Amino acid sequence: MDEISTKAIIIGVSIFVTLIILTVVVFEFEQIQSIYKEVGQTNISFEERLDEFDKYRDSNNIFTGLDVRNTVKKYINDDSVNVCIETTSGEVCNDSIDVDKLDYTNKYSSNLNEQSNIYKIVFTEI
């Protein structure tokens, strides 16, 4: 009778240890998977960002007031992008830009500056 209870305890402890090991392995696998998913999304978004700003790099592109308004509204809450409008009266950036007062008939050229992962789009009135 003693042998049966001893074997039952050994089997029970073995099953318990096996369950703990499987739980740890599954948990670690989920953690690694979530980390790789975040890294993959970060790399894709960084590359998309580079493509996204290509149109502002080329100073030969001409933008209308509506394009400038849409750009300002797009990046108004993005801390990594500063949008500025340069006119004869000076330069106005981000929150100081009143998009409702922009003249849609004006034409603008653009310039893109990048400093320590902060992009600055400067529209210059033509």
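**Here's the deal with the confidence of the model for the protein chain**
Logical step 1: Confidence in the prediction of the protein chain, expressed as mean pLDDT, is 83, and 87% of residues score 70 or more.
Logical step 2: No element of the protein chain has a lower mean pLDDT than strand β3 (residues 90-93), which averages 80, and none a higher one than strand β1 (residues 63-64), which averages 90.

**A word on the pairing of strand β4 (residues 107-115)**
Logical step 1: Judged from the 2 bridges that link them, β1 and β4 form a sheet pairing that is antiparallel. Following the sheet pairing, Thr64 is matched in β4 by Lys107.
Logical step 2: Two elements, β4 and strand β5 (residues 118-125), share 8 bridges in a ladder whose sense is antiparallel. Pairing of Gln115 across the sheet is with Ile118, part of β5.
Logical step 3: Connecting β4 to the next strand, β5, in antiparallel fashion are 2 residues, including Ser116 with a positive phi near 45°.

Reading the values: rules and limits
Residues numbered from 1 in each chain as written. Predicted model: local features only at pLDDT ≥ 70, side-chain atom pairs only at ≥ 80, totals over all residues. Heavy atoms only, no water. pLDDT = per-residue confidence, 0-100. Helix = DSSP H or I, 4+ residues; strand = E, 2+ residues; numbered from the N terminus. Pairing = 2+ DSSP bridges.

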